[in-house]
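Okay, here's what each chain looks like letter by letter:
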Amino acid sequence: MVGCGVFMKKPEGGEEVGAFYPIRTECQEEAPKTRFKPRAGKTLSARRWHAAFSEDGHLDIAKVLRRIQRGGVHPAIKGLVWEFLLGCYDPNSTFEERNQLRQKRREQYSSWKTECQNMVPVIGSGKFITTPIITDDGQPIIDPSTNNDQGGHVNNAVSDKKVIQWMLFLHQIGLDVVRTDRTLIFYESETNQAKLWDILAVYAWLDNDIGYVQGMNDICSPMVILLENEADAFWCFHRAMRRLRENFRCSATSIGVQTQLTTLSQVIKTVDPKLHQHLEELDGGEYLFAFRMLMVLFRREFTFVDALYLWELMWAMEYNPNIFSLYEEPSTDATDNTNAPELDEKLLKQCGKFERKNVETAGAEQHSALAVFLVASVLETKNKKILKEAKGLDDVVQILGDTTGNLDAKKVCDEALKIHKKYLSKAKKPTEQQ
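Every value quoted in this text rests on a predicted model; they were computed, and no experiment measured them.

Colleague: Explanation requested: the layout of surface pockets in the structure shown.
Modeller: Gaps left between atoms show up when a probe the size of a water molecule is rolled over them. When its volume is computed, the second largest pocket comes out at roughly 1,000 Å³. Forming the boundary of the second largest pocket are 38 residues, of which D181, T183, F302, T303 and F304 lie nearest the centre. Residue assignment for the lining of the second largest pocket shows that the elements contributing at least two residues are α5 (161-179), α7 (216-226), α11 (291-295) and α12 (304-317). For the lining of the second largest pocket, the class distribution of residues is 15 nonpolar, 10 polar and 13 charged. Shared between two domains, the lining of the second largest pocket holds at least three residues of each, these being domain 1 (95-143 + 152-248) and domain 2 (250-327 + 344-357 + 366-428).

Colleague: Help me understand unusual backbone geometry in this model?
Modeller: In this model, D181 sits at a positive phi of 40°, which is unusual for a non-glycine residue. Along the chain, D181 turns up in the loop between α5 and α6 (190-206). In the Ramachandran plot, L297 falls in the positive-phi region, its phi being about 50° despite a non-glycine side chain. Within the fold, L297 resides in the loop between α11 and α12. Take L297: its relative accessible area is 4%, and that puts it in the buried class.

Colleague: Looking at this model, I keep getting lost on a positive patch on the surface. Mind explaining?
Modeller: A surface patch of like charges, here positive, comprises K33, K37, R39, K42, R47, R48, K63, R66 and R70. Only α1 (46-51) and α2 (61-71) provide two or more residues apiece to the positive patch. In terms of residue count, α2 provides more of the positive patch than any other element does, three residues in total. Secondary-structure assignment places K63 in helix α2.

Colleague: Sorry if this is basic, but what is going on with empty space enclosed by the protein here?
Modeller: Evaluated as defined, the whole model comprises one cavity of 30 Å³ or more. Taken as a whole, the largest cavity spans an internal volume of roughly 40 Å³. For the largest cavity, the full set of lining residues is E83, C88, Y89, R102, R105, D232 and W235. At the level of elements, α4 (95-119) and α8 (230-244) are the ones that each hand at least two residues to the lining of the largest cavity. By residue class, the composition of the lining of the largest cavity is three nonpolar, no polar and four charged.

Colleague: How do you make sense of the packing of aromatic side chains when you look at a structure like this?
Modeller: Each aromatic ring pair is characterised by the separation of its centres together with the angle its planes make. Under the counting rule described, the total for this entry stands at 23 aromatic pairs. Between W49 and F53 the ring centres are 5.0 Å apart and the planes differ by 85°, which places this aromatic pair in the edge-to-face class. In this structure W49 comes out as buried when scored by relative accessible area, which is 0%. Residue F53 is classed as buried on the basis of its relative accessible area, which comes to 10%. An aromatic cluster is built from W49, F53, F84, Y89 and F95, whose rings are joined through pairwise contacts. The positively charged end of R105 is found above the aromatic ring belonging to W235, 5.5 Å away from the centroid. Taking the ring centre of W205 as reference, the NZ or CZ of K162 above it sits at 3.7 Å.

Colleague: Is there a simple way to think about the nonpolar core in this case?
Modeller: Y21, W49 and L379 are the most contacted members of the largest nonpolar core, which has 136 residues in total. Here this core takes 12 residues from α12, the largest share from any one element. Residue assignment places this core across two domains, with domain 1 (95-143 + 152-248) and domain 2 (250-327 + 344-357 + 366-428) each supplying three or more.

Procedures and definitions
Residues numbered from 1 in each chain as written. Predicted model: local features only at pLDDT ≥ 70, side-chain atom pairs only at ≥ 80, totals over all residues. Heavy atoms only, no water. 1 Å grid on protein atoms, 1.4 Å probe; cavity = no way out; pocket = protein on both sides within 12 Å on 5 of 7 lines; lining within 4 Å. Points joined across faces, edges and corners; volume = space filled by probe spheres on them. Helix = DSSP H or I, 4+ residues; strand = E, 2+ residues; numbered from the N terminus. Nonpolar A, V, L, I, M, F, W, Y, C, P; charged D, E, K, R; others polar. Domains from an automatic or database assignment. Buried < 20%, exposed > 50% of the residue type's maximum accessible area, 1.4 Å probe, protein only. Patch = residues over 30% accessible without salt bridge, like charges linked within 9 Å, V, L, I, M, F, W, Y side chains within 5 Å. Areas by Shrake-Rupley, 256 points an atom, 1.4 Å probe, with all protein chains shown as cover. Salt bridge = Lys/Arg side-chain N within 4 Å of Asp/Glu carboxyl O. Lys, Arg positive; Asp, Glu negative; His and termini not counted. Charge placed at Lys NZ, Arg CZ, Asp CG, Glu CD. Phe/Tyr/Trp six-rings, centres within 6.5 Å; stacked < 30°, edge-to-face > 60°. Lys NZ or Arg CZ within 6 Å of the ring centre and 35° of its normal. Core = buried A, V, L, I, M, F, W, Y, C linked by side-chain atoms within 4.5 Å.

This is the structure:
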């Protein structure tokens, strides 16, 4: 099996998790304290992970999900486990089948990367660009004072609209890469920064519809850190984007997370009408202040380590055994379970807590992302403070901003599940009375 070769030590107990994601010396004093610690008997350890596979490689996913939902995943195996949580691999496949699929995907990524490299030679060179290489109408920009001479330059005018749009993304990706998780020693290396840039550049080339939007770098960065092989990290990010890409769809009239914000409004109105009314009076009834939380999955509200812990808790709780077959169908929207095969009792046991509750009690119209209930959970923890102190939307934003580094991922998830249960029971009542 492929390891997470970025980190050398792989202990099993309650050791200092920061050893896996070391912070730059000059940033250590200001860094918020990490709350996540691997706990024996709760956290999925490397030993338990390997024991969950049969001799030929079938994974007992239900057992793995139970353990993750209790205490997350040990840093030594996070990348490997995430590949399953995000639907890269089918738990019912064998070691041999997965090795073949991994090899096929690595070759596919290499082919796409070569295609991009033929257009912009800096891709794959271990370098990246932070300045434009073409004008909006496709004319090459040659500036000897920039790093374009490292292979990022374009010699001839470009006329293809798709190519122009993609090339215009590249320097923006570079600017965002420089800002990504810069407190981590991992990104002191230009090679590691370039790896993140390459993956985002290739993804932007493939996703004609959305391309690249700021914030994708925050989703991709952990995959680059957790999975040593660049192609494996790309596919992990690709699967994460199958779930999240609608978050990044923005137009002149709407934002990608609009539907989730509308649902959030309905949830708070149902479970906490007093808070909802107060937010309405502050002209915050559209919940736009929660935009960032939903778009990049709480990367700003939690420390790096705690954000990873939160994500794996979420993905374990939302896990549906149909995820692999859905993601393998290119025409299927992986966020939409309406085309998924029905879950019998055996498959239902392989669902995460949140997904099982959805399947058992909710109609399709109530099938919302766990992230919505996580935001509701955060709002509920700040309920009294918002009601008492918020005189305007800026106050709400500040109160929520103060949560950074002060939230416990497990508590937030547990509270989100309670709010979800409460919402489903209250949302069903009017229907029953008709």
